[in-house]
Amino acid sequence: EPTDLRGSMRKELEVQLGQQAVLLVDGRDEGGRKGPGRYTVDSLFERLLTLGVGVRVTALLMDGGLVSLDFALAKLFSRDSYELSGRCVFSVEVKNPVTFFANVMKSSQVVKVADLRNLLFDEVRDAVREVASQHNLADLAVVSLGMKDEAAVAVSQHLNEILAQTGLSFSGVRTIEF
């Protein structure tokens, strides 16, 4: 919010390298993503021109890149009924900042990686369980490139709905281990 910024004549937001900002004007995304630079979000001149009834600008600052999420998964079962644990690491990024702000951040000022993990955990666990249940223990001991691709498709399909609701997009599985 402009009130969070210093200055009385003009309030500027500085977006650092590796960050992106989305400026919401009266709650609407008017300009898309903004890269590194300085952006005026409020000025005395604009307030005088509009008789103090100017637009309300909110800035959403976010990491400009991929976020890696690491999931340790227990109580998985192979096709031949062996209990095992697994690990899945994949990346997501914010695709729709307004949806992310409305449905994930809500009234929070910060969303941590742990918050995203908690939000997605059940869907990831179900997807990896499905992959594990289709292979015997010997196959799972040596994860092949084909199995990694299969896991990526399963995780992506399980996450499609929740990712659309949160404004995130799936970028790919980096690691799958059993």
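Computed from a predicted model, the values in this text were never measured in an experiment. (Residues numbered from 1 in each chain as written. Predicted model: local features only at pLDDT ≥ 70, side-chain atom pairs only at ≥ 80, totals over all residues. Heavy atoms only, no water.)

### Describing the overall build of the protein chain
Next up, step 1: Within the protein chain, the secondary structure is distributed over five helices and eight strands.
Next up, step 2: Ordered by position from the N terminus, the helices and strands of the protein chain form the series β-β-β-β-α-β-β-β-α-α-α-α-β.
Next up, step 3: Counting the 178 residues in the protein chain, one finds 33% classified as buried.
Next up, step 4: Partitioning the intrachain contacts of the protein chain with sequence separation of at least 6 by distance along the chain shows that 70% fall at a separation of at least 24.
Next up, step 5: Accessible surface computed for the protein chain: about 10,600 Å², of which carbon and sulfur atoms make up 51%. (Helix = DSSP H or I, 4+ residues; strand = E, 2+ residues; numbered from the N terminus. Buried < 20%, exposed > 50% of the residue type's maximum accessible area, 1.4 Å probe, protein only. Contact = heavy atoms within 4.5 Å. Areas by Shrake-Rupley, 256 points an atom, 1.4 Å probe, with all protein chains shown as cover.)

### Here we look at the side chain of histidine 135
Next up, step 1: Relative to the assigned elements, histidine 135 resides in the loop between α3 (113–133) and α4 (137–141).
Next up, step 2: For histidine 135, the residues in contact, after removing those within four places along its chain, are Ser78, Arg79, Asp80, Leu140, Met147 and Glu150.

### Some thoughts on the pattern of salt bridges
Next up, step 1: According to the stated counting rule, one finds four salt bridges in the structure shown.
Next up, step 2: Across the pair arginine 87 and glutamate 177 runs a salt bridge whose closest N-O atoms are separated by 3.5 Å. Taken together, the residues span a long stretch of sequence, with arginine 87 in strand β7 (residues 83–94) and glutamate 177 in strand β8 (residues 168–177) at a distance of 90 residues.
Next up, step 3: Overall, the relative accessible area of 37% leaves glutamate 177 in the partly exposed class.
Next up, step 4: The partner of aspartate 126 in a salt bridge is arginine 125, and the shortest N-O contact between them spans 3.5 Å.
Next up, step 5: Among the ionic contacts, a cluster of salt bridges with common partners joins Asp70, Arg87 and Glu177. (Salt bridge = Lys/Arg side-chain N within 4 Å of Asp/Glu carboxyl O.)

### Some words on the confidence of the model for the protein chain
Detailed reading of predicted coordinates is not advised where the pLDDT is low.
Next up, step 1: Confidence in the prediction for the protein chain averages 80 pLDDT; 83% of positions are at 70 or higher.
Next up, step 2: Mean pLDDT values for the elements of the protein chain range from 48 in helix α1 (residues 44–49) up to 95 in strand β6 (residues 67–77). (pLDDT = per-residue confidence, 0-100.)

### Concerning the sheet that holds β6
Next up, step 1: The strand order across the open sheet formed by three strands is β6-β7-β8, and the pairing between neighbours is antiparallel. Each edge of the sheet is formed by a strand with only one pairing partner; in this case those strands are β6 and β8. Each neighbouring strand pair of the sheet contributes to a mean axis angle of 25°, computed without reference to strand direction.
Next up, step 2: The pairing of β6 with β7 spans nine bridges and is classified as antiparallel. Directly across from leucine 69, in β7, lies its bridge partner phenylalanine 90.
Next up, step 3: Against the sheet, α3 makes contact with β6, β7 and β8, and its axis sits at roughly 45° relative to β6, the strand it touches most.
Next up, step 4: Along the sheet face, helix α5 (residues 145–166) touches β7 and β8 and points at about 150° away from the line of β8. (Pairing = 2+ DSSP bridges. Axes fitted to C-alpha atoms, helices over the stretch in contact; angles between N-to-C directions.)

### Remarks on the packing of aromatic side chains
Next up, step 1: Counted under the stated rule, the structure contains three aromatic pairs.
Next up, step 2: Over the face of the ring belonging to phenylalanine 71 we find arginine 117, whose NZ or CZ atom lies 5.2 Å from the ring centre. (Phe/Tyr/Trp six-rings, centres within 6.5 Å; stacked < 30°, edge-to-face > 60°. Lys NZ or Arg CZ within 6 Å of the ring centre and 35° of its normal.)

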